[in-house]
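# Structure assessment
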Protein chains: 4
Amino acid sequence: MVVGIIGATGYAGAELARLLSGHSKIKKLALSSVSFEGDRIENVYPAFLGRISGKLLKAEEVIAASDVVFSALPHAVGEPFAAACIEKKIHFIDLSGDFRFGDDEAVYSEWYGKNYQFPDLHKTSIYGLPELNRNLIKDSKSKPLVIANPGCYPTGATLGIFPAIVKGLTGETPIIVNAVSGTSGGGREPSRSFHYSECADSVAPYKIASHRHAPEISRNLAAISQIAEGGSIPAPKVIFTPHLAPMNRGILSTIYIPLKEKFKKIEEIQKLYEDFYKDEPFVRVLPSGVYSAANRVRHSNFCDISVNLDIHGSTLIVVTAIDNMIKGASGQAIQNMNILFDYDERNGLEAIPMLF
Amino acid sequence: MVVGIIGATGYAGAELARLLSGHSKIKKLALSSVSFEGDRIENVYPAFLGRISGKLLKAEEVIAASDVVFSALPHAVGEPFAAACIEKKIHFIDLSGDFRFGDDEAVYSEWYGKNYQFPDLHKTSIYGLPELNRNLIKDSKSKPLVIANPGCYPTGATLGIFPAIVKGLTGETPIIVNAVSGTSGGGREPSRSFHYSECADSVAPYKIASHRHAPEISRNLAAISQIAEGGSIPAPKVIFTPHLAPMNRGILSTIYIPLKEKFKKIEEIQKLYEDFYKDEPFVRVLPSGVYSAANRVRHSNFCDISVNLDIHGSTLIVVTAIDNMIKGASGQAIQNMNILFDYDERNGLEAIPMLF
Amino acid sequence: MVVGIIGATGYAGAELARLLSGHSKIKKLALSSVSFEGDRIENVYPAFLGRISGKLLKAEEVIAASDVVFSALPHAVGEPFAAACIEKKIHFIDLSGDFRFGDDEAVYSEWYGKNYQFPDLHKTSIYGLPELNRNLIKDSKSKPLVIANPGCYPTGATLGIFPAIVKGLTGETPIIVNAVSGTSGGGREPSRSFHYSECADSVAPYKIASHRHAPEISRNLAAISQIAEGGSIPAPKVIFTPHLAPMNRGILSTIYIPLKEKFKKIEEIQKLYEDFYKDEPFVRVLPSGVYSAANRVRHSNFCDISVNLDIHGSTLIVVTAIDNMIKGASGQAIQNMNILFDYDERNGLEAIPMLF
Amino acid sequence: MVVGIIGATGYAGAELARLLSGHSKIKKLALSSVSFEGDRIENVYPAFLGRISGKLLKAEEVIAASDVVFSALPHAVGEPFAAACIEKKIHFIDLSGDFRFGDDEAVYSEWYGKNYQFPDLHKTSIYGLPELNRNLIKDSKSKPLVIANPGCYPTGATLGIFPAIVKGLTGETPIIVNAVSGTSGGGREPSRSFHYSECADSVAPYKIASHRHAPEISRNLAAISQIAEGGSIPAPKVIFTPHLAPMNRGILSTIYIPLKEKFKKIEEIQKLYEDFYKDEPFVRVLPSGVYSAANRVRHSNFCDISVNLDIHGSTLIVVTAIDNMIKGASGQAIQNMNILFDYDERNGLEAIPMLF
């Protein structure tokens, strides 16, 4: 199979190339880049020398050459390529935010400042969080699909809250998602926020009450509420605060879920979470006493979850950790590809977390 | 004036020595160390060569030589020295947790696993958060006092919540304090948690629902409630989660305060916070749009506060930043000394935050 | 094949387990640990959950169960296990310094402070730098062998100097190896030098003129001189200075090789290096203008080499980069295993360097 | 006294403002910025809130208002301001490279790609390394002077080699300066090299054999040779290799000085260095066994020097550490101002190194 990557020289695109190079079903990569068109990927990333090699083409050439296309472009520029893929009858897996809001163009427009260019595409696109929509993807994959790969923060947040909603634990008080991200989430373009001397040796919040991933998390929780107990559970509100920490990779989300009823024993909820995720290949509910940590999932596609109860027994403290570039971006995109093509969902994603 | 530091070779003790060397009223430091008794401070910390010099004595010798004593010992070993200072009629400023719970020995025993050795000392000791207890310290300083210097996390948390309680904004839903600390808070003794390869390039929580600073924060909020509006405001509950981040210094506390009533305009609360702290020499309520960041207070005695409202208008998101070793430990201790001796509260604490 | 790892809970042992889990010829790992005997590897390293699992045995049990044994023990304790393996007629690949000096017990004793326990083993052991001794290993592997896996610094230094000696470029002035290591080289045991607050945000030398890897480098250069041009080239002297930098992995060696004769054109030497290593699977001579960097080889078994000439044309400045835990330890050990068993030398070592 | 800073919003300019705020002789700062003209310094650096405040003027306004002017502009734009200051009869202390080559315009042009605009100014400018030219500055200060503040790398390199040349230890083999810098040396403008994800957790060389500080170091060594023993000592050649490490501040220079004659005892050279610098307020020759480390001088104006001998007794290994932004830039500039105005050389520069 030939796999295309549009936007291959950004961090998510390059990470896709790296991970896909270890995928057993892939014969060839076709890569595009606007900034480096005509150059070679191994010149842009000399770390790839001897392992990944290829000329950087135009996006159109990539689409023409490929059996499936990943798009790692910035927001608001990829729709025409999605349309071209659907027309060519191949799947399009999009890592931008463009297709994450389905037919809810109003929310997209409010947060991304753009309207849809191809509204029909959004009606049939699927939000590619496998733990939530695996069956939907499987059932729809006979026709060409646009998969909206989830945002990094929404992945860590949603997986931590998912069982609590389904099992009816959540109440009316807003859930708080306090998340800390590594710097690779900011991409490859230099800017003050990610200038070493400005962000090293410090931690700080950013975009409080104004980050685009907040409505995406809310939308996910609403979707979960609808599938839980026949839709009788109200969608919980969420407050989301992102922070930047001096680490290359990883998102640690500390999630405070006010419980509908007090619990005395965390063991029950621990069991509930373990059962809920027991068949998931990439979710690990950690044993009691082991906390999620960004470096425990580093370079893997895992989402680690630790489940805790506050002193009062009234709030669940769920901590999730993902590698923002893998489960939070390129790895999850490959997981979606594996589902689309009936490959082993672990193919290309077998990396064991790096200890250091 | 001769100032004594017991436990001068730990991080808090050494930081005291460094800061006190810039204090205009201090003629001499007397230093003790159990681990390095007989050696010299500049051998333990060669960075001090040519600036801070002195033989490391016994604690008793330090007390005998000093006009005021700081204790930077671990918990549960300093009470006899406090007693000796009071007997000698000099003030004792304690950086451990031993005196932070006043006459509430039950709470101390529950969290620290020890009983009081000199119960009378605890009845008259004062919790040395100047913004809360400055007048109490001023009024009591004619007799020898034990000052309980606040914990690092409680300082950042309490200062962020203080105006909200006093102004009657808090409701019944628990306040959440999600805090991230630098590594110097772990002290000088090597351990796995602070081993570079284990904590670099990662962020993780620790001691969820079980950190000793949780009851200290709760106690502070209760104390504030009692002084606010004649004690009619119920003390808010608090959920506290500490995290470790790869930075040398700093504590960033992201505090979620559910509001009793919805607010539409953050400007009102911003104004309220600004007015509340307008005379405080070390609290900076940041202008709207500027967020607290650990590196904005690095190496200073400032507590920076930024005030934000969530999307729903129902929760205040207050972010505070302190240097855990200065306002969170040694700097605040010196601030307390300055109050005790009627010195300019800024003396020795004029360092401007380091940009990088 | 069952592969044994003695000392599996140290960093090098755990890294072996991680890498070997991706090796296609390995059915099972047998792991031992003195510190955690009876416990399970996934409890010691929760990052391994769901991927690497196994009870920690005694070293003797590991030897009994295995077809080849890696030893990641500290220096001076592994000889009896080597002897047991040879007796059982299986290969023993040792990551400690014990067998790196062959029959030159005097040098070993001088630098390691111990005598050989099984002198005969040292006579037939082979120094496992594949680029130097691949054929020797291949030719000897029919009988059970002790392979002395090279030290991390000597690997980076030797590969950078190797072609210069063989091609007769070196003169009498000592070669200088100025090397900077990441912290994982210090192992898993906490100590002051690797305490986060002591080593973060700083760079410093250590063990100047007294590091055990200095005689190992010298020995390698002498061995190379003997094979070059019939042994007519005198072994260059070397000055080696190690430094610690705040990074988890990697060794960057900046090597100054005074040239026997002045060169005008770096292109000639570049070509010479490229030709020399053209068939090596893990040595990359970087194109002119691209410098070796620790993060360009991160998590791979590559040794990157960049070749430069000083302004005067009299000194070659060769910069090499390796991942100290992979090419500098566990990866190279697996490379040796692959040679011993006629496996593809890349098996288990195909990881592409991580960009960030 | 009113002190002007041209280019106050770059890192060196802001650091000047921070340090000068602690100088007892300074009444007021006048600040200029091209990028932020009209804005306020505390908006550009909110860390300064409540401590440093002021409108950002034009350079001409700053000159008009000031009794002495520091220029922290990039290279090749400051000469007209220097001329204006000299015309106004006030001293001009320049942190750029423009005046570091005196009347040797050819070298400047070769390395900086520009010609002198005001050649006369360069004839009377003085290279402001106080340890080398203190008396020259003192003797010339009655007329308005241009002081060329040394580069960061040349400061650390020159101070490490200075005594060796003067005492006749150096021979003909080139001296090697292997230096590692923190990121603040790259300034405030974001760029790929200093993008967190590109430089964190790694070490790499840059500009091998092509850094502008190489000719500056050579020039310094030549100047020293001329003053040593009547100029009979030939100027040593130097090979200089800069590296970038993931730390905010600091330059560690590991300097290899081939000795004219072999030495057996490092104690002699240690003594020689100690005596040479015994009256210098900011040079610390560390006791034997204590190595220079970037964090031992952090935030101070110290240059730490440790003196070591290689195994063969033929090469001196001198390691120097400075804070690149203080002794390597703004601190040294203030030291020069103190000499120019007969202030205590320590004024404004009394900060004790930060331990962590």
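Residues numbered from 1 in each chain as written. Chains lettered and ligands numbered in written order. Predicted model: local features only at pLDDT ≥ 70, side-chain atom pairs only at ≥ 80, totals over all residues. Heavy atoms only, no water.

This part is about the sheet that holds strand 7 (residues 146–148) of chain C. All names here are of chain C. Strand order in the open sheet formed by seven strands is 3-2-1-4-5-7-6, with parallel pairing between adjacent strands. Strand pairing shows two members of the sheet lacking a second neighbour, strand 3 (56–57) and strand 6 (126–127), which therefore form its edges. Examined bridge by bridge, strand 5 (residues 91–94) and strand 7 share three bridges and lie parallel to one another. In the strand pairing of strand 7, Ile-93 is matched with Ile-147. (Pairing = 2+ DSSP bridges. Helix = DSSP H or I, 4+ residues; strand = E, 2+ residues; numbered from the N terminus.)

The next point concerns the sheet that holds strand 4 (residues 68–71) of chain A. Residue and element names in this part refer to chain A. Taking strand neighbours across the sheet as the criterion, the seven strands line up as 3-2-1-4-5-7-6 in an open arrangement whose pairing is parallel. Both outer strands of the open sheet, strand 3 (56–57) and strand 6 (126–127), are each paired with one neighbouring strand and no more. Pairing geometry for strand 1 (residues 2–6) and strand 2 (residues 28–32), over five bridges, is parallel. Looking across to strand 2, one finds that Ile-6 is bridged to Ser-32.

Residues and elements named next belong to chain C. Looking at helix 5 (residues 105–112), one finds that the buried residues are Tyr-108, Ser-109, Trp-111 and Tyr-112. Of the surrounding secondary structure, the elements contacted by the buried residues of helix 5 are helix 10 (213–227). Two residues or fewer past helix 5, Gly-113 is found with a positive phi of approximately 70°. (Buried < 20%, exposed > 50% of the residue type's maximum accessible area, 1.4 Å probe, protein only. Contact = heavy atoms within 4.5 Å.)

Residue and element names in this part refer to chain A. The contact between helix 7 (residues 130–140) and helix 12 (residues 326–340) brings their axes to 10 Å, and the two run at 30°. Compared by their axis directions, helix 7 and helix 12 come out roughly parallel. Classified by chirality, the crossing of helix 12 by helix 7 is right-handed. Contact with helix 7, carried on its side by Pro-130, Glu-131, Arg-134, Ile-137 and Lys-138, involves Lys-327, Gln-332, Gln-335, Asn-336, Ile-339 and Leu-340 of helix 12 and no other residues of that element. Broken down by class, the residue content of the contact of helix 7 with helix 12 amounts to four nonpolar, three polar and four charged. (Axes fitted to C-alpha atoms, helices over the stretch in contact; angles between N-to-C directions. Parallel < 35°, antiparallel > 145°, perpendicular 65-115°, else oblique. Left-handed = near helix turned anticlockwise from the far one by under 90°. Nonpolar A, V, L, I, M, F, W, Y, C, P; charged D, E, K, R; others polar.)

Next up on the list: the relation of the copies chain B and chain A. Mapping chain B onto chain A is achieved by rotating through 180° and translating by 0.0 Å along the same axis, at an RMSD of 0.0 Å. Taken together, the rotation and translation relating the two chain copies correspond to the operation of a two-fold axis. Of the C-alpha atoms belonging to chain B, the one lying closest to the rotation axis is found on B:Pro246, 3.3 Å away. A shared interface surface links the copies, since 100% of the contact residues of chain B are contact residues in chain A too. (Least-squares fit on C-alpha atoms with pLDDT ≥ 70 in both.)

Bringing the interface of chain B and chain A into the picture now. Taken residue by residue, the interface counts 46 residues in chain B and 46 residues in chain A. Surface buried jointly by chain B and chain A totals about 3600 Å² across both partners, of which 62% is contributed by carbon and sulfur atoms. Counting the contacts that link chain B with chain A gives two salt bridges. In this structure, the salt-bridge partner of A:Asp201 is B:Arg298, at a minimum N-O distance of 3.5 Å. In this structure, the connection of chain B to chain A is made through 22 residue pairs in polar contact (both at pLDDT 80 or more). Breaking the side of chain B that touches chain A down by element, the ones donating at least two residues are strand 8 (175–181), helix 9 (196–199), strand 9 (204–205), strand 10 (238–244), strand 11 (251–258), strand 13 (303–309) and strand 14 (315–322) of chain B. Of the residues in the side of chain B that touches chain A, the class split is 27 nonpolar, 13 polar and six charged. (Buried area = accessible area lost by both parts, 1.4 Å probe. Salt bridge = Lys/Arg side-chain N within 4 Å of Asp/Glu carboxyl O. Polar contact = N/O pair within 3.5 Å; in protein donor to acceptor, adjacent residues only side chain to side chain.)

Once that is clear, we can look at the environment of D:Glu261. Residues and elements named next belong to chain D. With respect to the helices and strands, the residue Glu-261 is situated in the loop between strand 11 (251–258) and helix 11 (266–276). Given the relative accessible area of 55%, Glu-261 is considered exposed. C-alpha separation for the pair Glu-261 and Leu-169, spaced 92 residues apart in sequence, amounts to 7.3 Å.

Both faces of the sheet carry side chains from a regular strand, because those side chains alternate between them. Residue and element names in this part refer to chain D. Of all five residues that make up strand 1 (residues 2–6), five are buried, and the element is covered over most of its length. Here strand 1 shows a buried face lined by Val-2, Gly-4 and Ile-6 and a second buried face lined by Val-3 and Ile-5. In this fold, the crossover linking strand 1 to strand 2 (residues 28–32) by way of helix 1 (residues 11–20) has right-handed handedness. With four bridges connecting them, strand 1 and strand 4 (residues 68–71) associate as parallel partners. (Right-handed = clockwise from strand over helix to strand, strands pointing away.)

It is worth spelling out the side chain of B:Arg134 at this point. Residues and elements named next belong to chain B. Mapped onto the elements, Arg-134 comes out in helix 7 (residues 130–140). Accessibility expressed as a relative area gives 16% for Arg-134, which makes it buried. Here the side chain of Arg-134 touches Glu-345 through a polar contact of 2.8 Å, side chain to side chain. Dropping the residues within four chain positions of it, Arg-134 is found in contact with Leu-129, Glu-280, Pro-281, Gln-335, Ile-339 and Glu-345.

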